[in-house]
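Overview (structure and organization)
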Amino acid sequence: MSGVETAPNVLLVVLDSVRAHNCSLYGHRRPTTPFLESLAAESTVYTQARAPSNWSLPSHVSLFTGLEAHEHRVTVHDRLLPGNTVFETLAAEGYDTGLFTENGFVASHKVGLKDAFQTVETVPDSCPGGYDTTALNPGPDGFYYADSFDSWVTDRDGPWAACVNFMDAHRPFEPRAAFDRWGDDEARALQRDLPTRWEWAFHGGDRPYWQLNGLEALYDGGIRQADALVERLLGRLRDDGVLDETLVVICGDHGDGFGRPGLLPDEPPAVSHIVPMHETLLYVPLVVRPPGGGDGRRCHRPAALTAFPSVVESALDGEPIVDGFARDRVLTTKQPVTADLRERFEDACVDPSQFLAPSRAVYRPDPDDERAVRKRYYWGETAAECRIHGPGAVSRSERIEPHRVDEAFTEAQPGVREPLEGRQASDATKEQLAALGYY
């Protein structure tokens with residue numbers, strides 16, 4: 001990497017749980033992302049980006065390290081060893097590094113992600129006035145973290161690199177009134193009546209899957225709020241004359257599910273995230289504004305979030321980063337269902353085996369359509385190859401053997417993790433995660 005005198009700042013904005021399907025940038029019927037649509041004119045929009053896994057922890061590890069989820073294999077029971085993230089590399093280059101989020105798996109769990117940053121701003125002991133706008137989640141909303149980031153940047157004298165993770169589109173969905181444009185009293189009442197981790201009510205048969213439509217309307221309001229938060233972040237950087245000195249990467253770390261059925265036998269419907277491997281969970285937005293701005297191009301090749309460290313390195317070396325996230329193949333992995341999660345499926349479902357099956361997916365360019373990708377994936381012992389034209393536009397082509405998926409995967413990367421053993425999540429971390437439906 002080049003010296004910090006000429007290198008740009010780095011801003012990674014993670015829109016937690018935001019899927020491409022519900023972004024108006026990608027054609028959603030509701031205007032959920034008007035700012036991202038305007039930002040597209042000076043950025044590269046990747047139309048076929050995929051998350052490395054279907055929930056926050058493995059996806060963030062992949063984002064920070066550049067390792068695929070099957071390579072690092074970090075779960076809630078592991079600790080990522082120091083020295084493996086791009087933010088630690090940047091700190092060694094003289095950058096100030098900061099993390100801003102309420103996501104407990106990133107900012108407080110002992111998995112080690114927070115240790116990659118010199119400054120960590122997460123849920124405060126008491127919520128400052130004006131930010132506590134929700135009833136179900138006791139912490140502040142994303143405006144607190146946007147303002148914390150702004151204050152931090154203002155105090156920097158040299159180059160900086162930051163990750164801002166907004167949870168405003170993560171359950172429970174409680175956008176401010178200005179952004180809650182599509183929810184109604186019935187949907188809000190349904191969310192209040194459900195446990196924060198509501199998939200058991202649907203998978204266990206206590207609730208019909210169609211009720212998730214109301215929750216999706218609230219989710220869209222959360223995406224609209226997250227879009228406004230990105231506008232707030234970048235608007236302040238622009239006003240301060242810092243935006244053109246900054247590499248900005250905006251992405252979802254995974255999506256969310258609202259009852260969409262699977263394509264393969266025994267593949268369960270997608271209800272929230274973590275377990276299924278539906279496109280609703282893997283197909284994410286990805287917008288990259290290079291230092292100085294871009295030309296508004298759209299890249300239709302498969303794009304991998306794991307390319308983030310290499311894109312940062314190219315930007316710091318002054319190399320072009322056009323289509324830097326594009327890959328000839330993109331890999332995604334469902335981590336094994338273990339411990340408490342496995343027990344909950346066993347308690348709630350008559351047949352828990354369908355939720356515990358292994359799953360992997362590989363995406364490649366479609367030789368017959370430059371705007372589409374081919375997806376090979378399996379759920380358990382059944383595999384298929386599908387053509388994906390865009391969010392929600394999936395056509396099934398043919399059944400294949402699972403080994404045709406596995407042949408694209410390599411062995412685990414040794415020496416990047418260690419077992420936590422007795423050092424599991426603290427009570428404070430569990431309380432923070434419980435507010436988001438993880439415990």
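1. Some details on the environment of His 28
Looking at the secondary structure, you find His 28 in the loop between β1 (9–15) and α1 (34–39). A residue is classified by how much of its surface remains accessible, and His 28, at 9% relative accessible area, is buried. Each C-alpha atom, one on His 28 and one on Gly 392, is 9.8 Å from the other, the two residues being 364 residues apart in sequence.

2. Focus on the pattern of salt bridges
The tally for this structure, following the rule as stated, stands at 29 salt bridges. Ionic pairing is found between Asp 323 and Arg 297, a salt bridge with its closest N-O pair at 2.9 Å. With Asp 323 in the loop between α11 (308–316) and β14 (330–333) and Arg 297 in the loop between β11 (286–289) and β12 (298–299), this residue pair connects regions lying 26 residues apart in the sequence. Since its relative accessible area comes to 18%, Asp 323 is described here as buried. Accessibility expressed as a relative area gives 29% for Arg 297, which makes it partly exposed. The shortest N-O distance in the salt bridge between Arg 387 and Asp 366 comes to 2.5 Å. Placement of the pair is Arg 387 in strand β17 (residues 382–390) and Asp 366 in the loop between β15 (359–365) and β16 (373–379), with a sequence separation of 21 residues. Judged by its relative accessible area of 5%, Asp 366 is buried. Put simply, Asp 366, Asp 368, Arg 374, Arg 376, Glu 385 and Arg 387 are held in one network by salt bridges that share partners.

3. Focus on the sheet that holds strand β2 (residues 44–46)
The mixed open sheet is built from 8 strands, whose spatial order is β6-β5-β7-β1-β8-β11-β2-β12. Taken across any chain shown, the strands that pair with only one partner, and hence form the sheet edges, are β6 (119–121) and β12. Strands β1, β7 (160–166), β8 (246–251) and β11 of the sheet are contacted by helix α9 (residues 212–239), whose axis makes an angle of about 170 degrees with β1.

4. Brief notes about the environment of His 109
Along the chain, His 109 turns up in the loop between α5 (104–107) and β6. By relative accessible area, which is 2% here, His 109 ends up buried. A polar contact of 3.2 Å, which involves the side chain of His 109, links it to the backbone oxygen of Val 76.

5. With respect to helix α2 (residues 56–65)
Since one α-helical turn is 3.6 residues long, residues separated by three or four positions face the same way. Buried residues dominate α2, accounting for 10 of its 10 residues. Of all the residues in α2, the buried ones are Ser 56, Leu 57, Pro 58, Ser 59, His 60, Val 61, Ser 62, Leu 63, Phe 64 and Thr 65. Among the residues trailing α2, Gly 66 stands out with phi positive, at a value near 80 degrees.

6. Here we look at the pairing of β1
Taking burial as the measure, the 7 residues of β1 include 7 buried ones, the bulk of the element. Residues Asn 9, Leu 11, Val 13 and Leu 15 line one face of β1 and the alternating positions Val 10, Leu 12 and Val 14 line the opposite face, and both faces are buried. Alignment of β1 against β8, held across 6 bridges, turns out to be parallel. Residue pairing for β8: Leu 11 is matched across the bridge by Val 248. Relative to β7, β1 is paired through 6 bridges, and the arrangement is parallel. When the bridges of β7 are listed, Leu 15 appears paired with Phe 166.

7. A short note on the side chain of Asp 253
Residue placement: Asp 253 occurs in the loop between β8 and β9 (258–260). One buried charge, Asp 253, has no salt-bridge partner; the nearest side chain with opposite charge is Arg 171, at 12 Å. Of the polar contacts made by the side chain of Asp 253, one reaches the side chain of Ser 56; its length is 2.8 Å. Not counting residues within four places of it along the chain, the set of residues in contact with Asp 253 comprises Val 14, Leu 15, Asp 16, Ser 17, Ala 51, Ser 53, Ser 56, Ser 59, His 60, Val 284 and Leu 305.

8. As for the pairing of β14
Here β14 shows no split at all, with Val 330 and Thr 332 on one side and Leu 331 and Thr 333 on the other all buried. Taken together, the 4 bridges between β14 and β15 define a ladder with antiparallel strand orientation. Looking at β15, one finds that Leu 331 is bridged to Val 362.

9. A short note on the nonpolar core
Ranked by internal contacts, the top residues of the largest apolar core, which has 127 residues, are Phe 87, Phe 149 and Leu 234. Of all the elements, α9 adds the most residues to this core, at 12 residues. Those residues in contact with Phe 87 that sit more than four places away from it in its chain are Leu 12, Phe 64, Thr 97, Ala 116, Phe 117, Ala 161, Ala 162, Cys 163 and Phe 308. Residues Leu 331, Val 362, Val 405 and Ala 408 belong to the second largest nonpolar core, which totals 8 residues.

10. Considerations on unusual backbone geometry
Residue Pro 172 is reached from Arg 171 by a cis peptide bond, and omega for that bond is -5 degrees. With respect to the helices and strands, the residue Pro 172 is situated in the loop between β7 and α7 (185–193). The backbone of Arg 73 shows a phi angle near 55 degrees, a positive value even though the residue is not glycine. The residue Arg 73 is located in the loop between α3 (69–72) and β4 (78–80) in this model. Positive phi outside glycine occurs at Ser 272, with the angle close to 60 degrees. Structurally, Ser 272 can be placed in the loop between β10 (270–271) and α10 (279–282). Taking relative accessible area as the criterion, Ser 272 reaches 0% and is therefore assigned buried.

11. Brief notes about α9
With 28 residues, α9 should cover 40 Å at 1.5 Å per step; its first-to-last C-alpha distance of 40 Å lies within 8% of that length. Just past α9, the residue Gly 241 takes up positive phi, approximately 75 degrees.

What counts and how
- Residues numbered from 1 in each chain as written.
- Predicted model: local features only at pLDDT ≥ 70, side-chain atom pairs only at ≥ 80, totals over all residues.
- Heavy atoms only, no water.
- Helix = DSSP H or I, 4+ residues; strand = E, 2+ residues; numbered from the N terminus.
- Buried < 20%, exposed > 50% of the residue type's maximum accessible area, 1.4 Å probe, protein only.
- Salt bridge = Lys/Arg side-chain N within 4 Å of Asp/Glu carboxyl O.
- Pairing = 2+ DSSP bridges.
- Contact = heavy atoms within 4.5 Å.
- Axes fitted to C-alpha atoms, helices over the stretch in contact; angles between N-to-C directions.
- Polar contact = N/O pair within 3.5 Å; in protein donor to acceptor, adjacent residues only side chain to side chain.
- Lys, Arg positive; Asp, Glu negative; His and termini not counted.
- Core = buried A, V, L, I, M, F, W, Y, C linked by side-chain atoms within 4.5 Å.
- Expected span 1.5 Å × (residues − 1).

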